[in-house]
Amino acid sequence: MPNMNMLQAINQALDIAMAEDDKVLCFGEDVGSFGGVFRATSHLQEKYGHARCFNTPIVEQGIVGFANGLASQGSVPVAEIQFADYIFPAFDQLVNETAKFRYRSGDLFNVGGLTLRAPYGGGIAGGHYHSQSPEAYFAHTPGLKIVIPRNPYEAKGLLLASIRDPDPVLFFEPKRLYRASTGEVPEEDYQLPLGEAAVTREGSDVTLVGWGAQMEVIERAVELAEKDGISCEVIDLRTILPWDEDTIVDSVLKTGRLVVTHEAPRTGGFAGEIAATVQERCFLYLESPVMRVTGLDTPFPQTLEKEYLPDHLKIHEAIRASVNF
Ligand SMILES: Cc1ncc(C[n+]2csc(CCOP(=O)(O)OP(=O)(O)O)c2C)c(N)n1
């Protein structure tokens, strides 16, 4: 099985999807001959032509509006927003059109073929416009699916599943893993299920939940916790919407403790939703309050990234606080 990084895995997923179905189109800012600012769409224009892989103007609202129109007529648009921080001009299209298309047309039309990819998250010293994690804004929008991979293997399987899914999908790619995360990825076509979390480590004292690049950070915290004699169960949520409540609840019923971590600011972050659901469903089994280890309630900083990010030391501290409560 070849070793590849996350960008190569994403590029391969796009290549497989485009080869399989000529209705699949890739477009976005600099996505054509340049292959996108991170090169996720490299060589796709050469291979599939200008009509199937092309540049758009710098108008995110237009990119998603165009994708909605294409998808409603049977195409399978896989559009790119250059950085997730620039998704907000398209907020109206995504929330009021993409998410509600099928509902408001009484199932006459839908834009289920749409997948919107966006590099996301911090860790590259990108400052406030190249580092944000906006998943929680969209988790408040029934009608969308939100998927975030943690490594190249997951990225390829989840992206292929997203492109073929009957609902519109926001696919957030942790950009700091693009080249840093490598691993074995099958050459062939495969899909990983949407809406299902993955238990990446079994344990008995505390459950840790995260997604995307936080999974690596969790692993470093777990190494420290294991030295303290604390047994950790680790869960990658993988899909933020619809999220897999049962896998987390089953784990917390076993461990009695939960620490959730994400890079986005604490207030209104998706960890709050998980904490609320777990206290509803596991109240009598909890040994300690659900803890959140998140970004700070500030803009993503230009120079104090290290202080802002929920690193392994902060997670380790939360694990200890949870177990020693
Ligand atoms: C709303 C928004 N979308 C995307 C970007 C990312 N971005 C920064 S520079 C750039 C290309 C600008 O090209 P052009 O307008 O031709 O100006 P140039 O810098 O080439 O003179 C893009 C897409 C951004 N800054 N803001």
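- As recorded by an unreviewed UniProt entry, the protein carries the name 2-oxoisovalerate dehydrogenase subunit beta and is attributed to Halomonas halmophila.
- Under the Function (unreviewed entry) heading, UniProt states for the protein: "The branched-chain alpha-keto dehydrogenase complex catalyzes the overall conversion of alpha-keto acids to acyl-CoA and CO(2). It contains multiple copies of three enzymatic components: branched-chain alpha-keto acid decarboxylase (E1), lipoamide acyltransferase (E2) and lipoamide dehydrogenase (E3)."
- Note on the protein: under the UniProt heading Cofactor (unreviewed entry), the record states "thiamine diphosphate".

Focus: the sheet that holds strand E5 (residues 115–120)
Item 1. In space, the seven strands of this open sheet follow the order E3-E2-E4-E5-E7-E6-E12, with mixed pairing throughout. Two strands close off the open sheet at either side, each with one partner strand: strand E3 (53–55) and strand E12 (239–241). When strand polarity is set aside, the average angle formed by the axes of neighbouring strands in this sheet is 20°.
Item 2. Pairing of strand E2 (residues 24–28) with strand E4 (residues 76–80) involves five bridges; the strand directions are parallel. Each bridged residue has a counterpart across the sheet, and for Phe27 the counterpart in E4 is Ala79.
Item 3. Each of E4, E5, strand E6 (145–147) and strand E7 (169–174) is contacted by helix H7 (residues 152–164), which is oriented at about 160° to E7, the strand it contacts most.

Brief notes about the pattern of salt bridges
Item 1. This structure, assessed with the given rule, holds 21 salt bridges.
Item 2. The shortest N-O distance in the salt bridge between Glu219 and Arg201 comes to 2.9 Å. On the criterion of sequence distance, the pair formed by Glu219 in helix H8 (residues 214–227) and Arg201 in strand E9 (residues 198–201) is long-range, its members being 18 residues apart.
Item 3. Since its relative accessible area comes to 25%, Glu219 is described here as partly exposed.

Some thoughts on the site of the ligand
Item 1. The full set of residues close to the ligand is Glu29, Ile58, Glu60, Gln82 and Tyr86.
Item 2. A distance of 2.6 Å separates a nitrogen atom of the ligand from a polar atom in the side chain of Glu60.
Item 3. Between a nitrogen atom of the ligand and a side-chain N or O atom of Gln82, the distance comes to 3.5 Å.
Item 4. A total of 590 Å² of accessible area belongs to the ligand in isolation, and the protein chains cover 39% of it.

Thresholds applied
Residues numbered from 1 in each chain as written. Predicted model: local features only at pLDDT ≥ 70, side-chain atom pairs only at ≥ 80, totals over all residues. Heavy atoms only, no water. UniProt positions renumbered as here; feature names shortened; annotations may be inferred. Pairing = 2+ DSSP bridges. Helix = DSSP H or I, 4+ residues; strand = E, 2+ residues; numbered from the N terminus. Axes fitted to C-alpha atoms, helices over the stretch in contact; angles between N-to-C directions. Contact = heavy atoms within 4.5 Å. Salt bridge = Lys/Arg side-chain N within 4 Å of Asp/Glu carboxyl O. Buried < 20%, exposed > 50% of the residue type's maximum accessible area, 1.4 Å probe, protein only. Near = heavy atom within 4 Å. Polar contact = N/O pair within 3.5 Å; in protein donor to acceptor, adjacent residues only side chain to side chain. Areas by Shrake-Rupley, 256 points an atom, 1.4 Å probe, with all protein chains shown as cover.

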